[in-house]
Amino acid sequence: MYTHPFLWLTFVLCNSWFSFAELRVVLFQVCRKDLRSSLLCLKMTTLQAPMLGILLLLCWAVTIQAKHTRYKDPNQPVDVRVRDLMKRMTLAEKIGQMTQIERQIASAQVLKDYFIGSILSGGGSVPAPHASAKVWVNMIKKLQKACLSTRLGIPMIYGIDAVHGHNTAYNATIFPHNIGLGATRDPDLVKRIGAATALEVRATGIPYTFAPCVAVCRDPRWGRCYESYSEDHKVVQAMTQIILGLQGDIPANYTKGFPYVAGKKNIAACAKHFVGDGGTQKGINSNNTIINLHGLLGIHMPPYYDSIAKGVSSVMVSYSSLNGIKMHANHHLITGFLKNKLGFKGFVISDYQGIDFITTPPDANYTYSVQTSVNAGIDMVMVPFDYHGFISNLTTLVNAKVIPISRINDAVRRILRVKFVMGLFENPLPDKSLVDQLGKKEHRELAREAVRRSLVLLKNGKSGKKPLLPLPKKADKILVAGSHADNLGYQCGGWTIEWQGGSGRITAGTTILDAIRSTADPATSIVFSENPDADFVKSNNFSYAIVVVGEPPYAETAGDSLNLTIAEPGPSTIRAVCGPVKCAVIVISGRPVVIEPYLPSMDALVAAWLPGSEGQGVADVLFGDFGFTGKLPRTWFKSVDQLPMNVGDRNYDPLFPFGFGLATKAAL
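All figures in this text were calculated on a predicted structure; none of them were measured in a lab.

Student: Looking at this structure, how should I read the packing of aromatic side chains?
Tutor: Each pair of aromatic rings is reported with the distance of its centres and the angle of its planes. Considering all chains together, one arrives at 14 aromatic pairs under this definition. With 5.1 Å between their ring centres and 70° between their planes, Tyr254 and Tyr260 make a pair best called edge-to-face. Overall, Tyr254 belongs to the partly exposed group, its relative accessible area being 26%. Given the relative accessible area of 15%, Tyr260 is considered buried. Ring centres of Tyr319 and Phe357 lie 5.7 Å apart, and the angle between their planes is 75°; on these two criteria the pair is classed as edge-to-face. Taken as a pair, Tyr319 in the loop between strand E7 (314-317) and strand E8 (321-322) and Phe357 in the loop between strand E10 (347-349) and helix H16 (366-376) lie far apart in primary sequence, 38 residues in all. In this structure Phe357 comes out as partly exposed when scored by relative accessible area, which is 33%. Here a set of aromatic residues connected by ring pairs shows up, and it is made of Tyr71, Phe420 and Phe425. Over the aromatic face of Phe626 sits the side chain of Arg452, whose NZ or CZ is 3.8 Å from the ring centroid.

And the structure:
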């Protein structure tokens, strides 16, 4: 405990006059910087006056020691604190900071023994089913206390995929996925969503999200296309405004490239997946992106310029390859371009087991994967399970000078910089006063607004006939049909509660059927039949029908599709309903899908994307309380044979072009 040389000298001098028991009491009070209690203890000792000067010297030495421990002083500049802490750290402590492990294996003993610097919840990883905010907070508090009990007391940073709201937490507000937000063309709305998401994530004690995804999806066959705001990098760049919502507005004259988190109600953000993830061949997830430098810098790189300018705290590397080189092994782009040329000063994190996939097959040579990824410039590795293998390999490689200590120091410097900037050393434990922010009414109203703004009206009325929308609230009898009309999990999509999403009432929210029932006139009869046959439709004399169909939930590779068709019974429902009665079809999907064969039979067509938990926003616009304003964030193709096809291409012949969207006014 008494590490400063003045303390050792004073201890030796005092020990010659005082009993050990007396000295221990005094030292305890002094080291707590409680000088008043120290002097009181002095009066109780057998030798008082002769030793007063010595004890005052002891107090002075403790003060010197406190000043010497600069990393604990919040008044010191961040880089001063980082340097001070790093010079105290062993290699084991540094490598621990570079290690991120899954919550499920993060025991207190593991955290202390390996000096773990970060913990994550992977998709669906929760402390308990339907866990409340308080349960989350208690879990994270327990984990953090274990980290704080280590020699240097370095807090861990807990991360989670909050990609459309706090989507893993039960009862959280689920916002539209990014493709829907891209349709709004409203950066300020997205910023407000970021701020609301930050509060809900903080409500569960978490200070870090692996968001936003700033991919520029160039092929809708990609299973992550709904995580992209648009095929147009300019739209994606505008939507990086969400970073300011998540992290807070950066101060004027803030150092460019330096990470920034405003306070305890904000969270650290992560721009992902660096770089070219949205341009893989045939849209195959984690595949190879073949593109020249001009195309890379002109299409996929621009959102990172904006993210860095907004003070983003971290950047996640893509599973994909660029011209045959795995991005997790790409020193030229990670270190040479991102860090050196763009001046990014936050930390670079791998994707989930991302370094394992450097080799084919994955994990064929883990030592090589550790060496290549760390030397490429990855600072924190999302291990997430085999922490012993990662730490052991990295330690051996550093001791053998295969990985230089300068590379380790760069990584740790960046990680600590973010932790100091976000105030994690001053406020390492969750703030229990924020638990009521999860699923807050104001946030649900914001999500409802986002749903309204995201809807794109693609057709309204058959040729030469009166528009069908907005629908009258008062009618004799309305048919609501389709697999997605009363399925909250389907309308939320992947990355909701579970990694791949789910079906049914998976969390709190309003289905589209719920919303229709609450919006229509009380005298209107509403009949729900998920998959009615044509005879049922013909025999019931419906005033009109609302058909809600689309894609089932999916995430990442599970969503890759070469045909992009609406799954049955969707097409059958459209054919059965839209012939006999006027119908409005609402498509719930993470991307454009094959719709042209059914278009002639529809009276109205709405692209609702993946709207999230607040289905009331759909009914708000459908019945005319608000007008349609959304514009296509990506090209709607006629046939998959045309893909990839993006705005600006030479052979551009879409069913609906990029930016298309019919407008309506609110009904009087």
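Student: Sorry if this is basic, but what is going on with the sheet that holds E7 here?
Tutor: Sheet strands pair via backbone hydrogen bonds, and the direction of the pair is either parallel or antiparallel. Read across the open sheet, the three strands follow the order E5-E7-E10; overall the sheet is parallel. The open sheet is flanked by strand E5 (270-274) and E10, the only strands paired with a single partner. Along the sheet, successive strands turn relative to each other by an average axial angle of 25°, direction set aside. Two elements, E7 and E10, share three bridges in a ladder whose sense is parallel. Note on E10: the bridge partner recorded for Ser314 is Phe347.

Student: Help me out: how do you make sense of the sheet that holds strand E6 (residues 288-289) in this one?
Tutor: Reading across from one edge, E6-E8-E9 is the order of the three strands in this open sheet, with mixed pairing throughout. A strand with exactly one partner marks an edge of an open sheet, and here the two such strands are E6 and strand E9 (325-326). As judged from the two bridges shared by E6 and E8, these two strands associate in the parallel manner. The residue bridging Asn288 from the neighbouring strand is Ser321, located in E8.

Student: Quick question: what am I supposed to make of the packing of helix H10 (residues 187-203) against helix H19 (residues 441-454) here?
Tutor: In a packed pair of helices, the relevant descriptors are the angle between the two axes and the axis-to-axis distance. Remark: H10 packs on H19, axes separated minimally by 10 Å, with the N-to-C direction vectors making an angle of 145°. Considering how the two elements wind past one another, H10 and H19 form a crossing that is left-handed. Judged by residue contacts, Leu189, Arg192, Ile193, Ala196, Leu199 and Glu200 of H10 engage His443, Leu446, Glu449, Ala450 and Arg453 from H19. In the contact of H10 with H19, the residues fall into six nonpolar, one polar and four charged.

Student: Whenever I open this one, the pattern of salt bridges confuses me. Can you help?
Tutor: Two side chains that carry opposite charge are able to pair once their charged atoms sit near each other. Taken as a whole, this structure holds 30 salt bridges when the rule is applied. Linking Asp410 and Lys339 is a salt bridge whose minimum nitrogen-to-oxygen distance equals 3.1 Å. Of this pair, Asp410 sits in helix H18 (residues 405-421) while Lys339 sits in helix H15 (residues 331-341), and the two are 71 residues apart along the sequence. Residue Glu614 pairs with Arg444 through a salt bridge whose shortest N-O separation is 2.8 Å. Of the two residues, Glu614 is situated in the loop between strand E17 (604-609) and helix H24 (616-622) and Arg444 in helix H19; the sequence distance between them amounts to 170 residues. Counted as one network, the salt bridges with shared partners bring together Asp186, Asp188, Arg192, Glu449 and Arg453.

Student: What should I look at first to understand the side chain of His328 in this one?
Tutor: Checked against the element boundaries, His328 lands in the loop between E9 and H15. Owing to a relative accessible area of 2%, His328 belongs among the buried residues under this scheme. From its side chain, His328 meets the backbone nitrogen of Asp351 in a polar contact 3.1 Å long. If we ignore the near neighbours within four places in the chain, the residues touching His328 are Val317, Ser318, Tyr319, Ser350, Asp351, Gly354, Ile355, Ile358, Thr372, Ser373, Ala376 and Ile378.

Student: Hey, could you run me through the state of the cysteines in this one?
Tutor: Working definition: the covalent bond between the sulfur atoms of two cysteines is a disulfide. Scanning all chains against the criterion turns up two disulfides. Here Cys217 engages in a disulfide with Cys225; their sulfurs sit 2.1 Å apart. Where Cys217 bonds to Cys225 through sulfur, the torsion about that S-S bond is close to -105°, and the disulfide is left-handed. Each of the two residues, Cys217 as well as Cys225, counts as buried. Here Cys578 connects covalently by a disulfide to Cys583, the sulfurs 2.0 Å from one another. Taking the sign of the S-S torsion, 110° for the link of Cys578 and Cys583, the bridge is right-handed. Owing to a relative accessible area of 1%, Cys578 belongs among the buried residues under this scheme. Overall, Cys583 belongs to the buried group, its relative accessible area being 0%. The connectivity of the disulfide-linked cysteines in the protein, indexed sequentially, is 1-2, 3-4.

Student: Can you walk me through the layout of surface pockets in this structure?
Tutor: Empty space left among the atoms is revealed by rolling a probe the size of a water molecule over them. In this structure, the largest pocket spans a volume of roughly 490 Å³. Lining of the largest pocket is provided by 29 residues; of these, Tyr319, Asp351, Tyr352, Trp499 and Glu556 occupy positions nearest its centre. Each residue belonging to the lining of the largest pocket can be placed in one class, and the counts come to 11 nonpolar, 11 polar and seven charged.

Each value, and the rule that gives it
Residues numbered from 1 in each chain as written. Predicted model: local features only at pLDDT ≥ 70, side-chain atom pairs only at ≥ 80, totals over all residues. Heavy atoms only, no water. Phe/Tyr/Trp six-rings, centres within 6.5 Å; stacked < 30°, edge-to-face > 60°. Buried < 20%, exposed > 50% of the residue type's maximum accessible area, 1.4 Å probe, protein only. Helix = DSSP H or I, 4+ residues; strand = E, 2+ residues; numbered from the N terminus. Lys NZ or Arg CZ within 6 Å of the ring centre and 35° of its normal. Pairing = 2+ DSSP bridges. Axes fitted to C-alpha atoms, helices over the stretch in contact; angles between N-to-C directions. Left-handed = near helix turned anticlockwise from the far one by under 90°. Contact = heavy atoms within 4.5 Å. Nonpolar A, V, L, I, M, F, W, Y, C, P; charged D, E, K, R; others polar. Salt bridge = Lys/Arg side-chain N within 4 Å of Asp/Glu carboxyl O. Polar contact = N/O pair within 3.5 Å; in protein donor to acceptor, adjacent residues only side chain to side chain. Disulfide = S-S within 2.5 Å. 1 Å grid on protein atoms, 1.4 Å probe; cavity = no way out; pocket = protein on both sides within 12 Å on 5 of 7 lines; lining within 4 Å. Points joined across faces, edges and corners; volume = space filled by probe spheres on them.

By themselves, these are just geometric observations and shouldn't be taken as functional.
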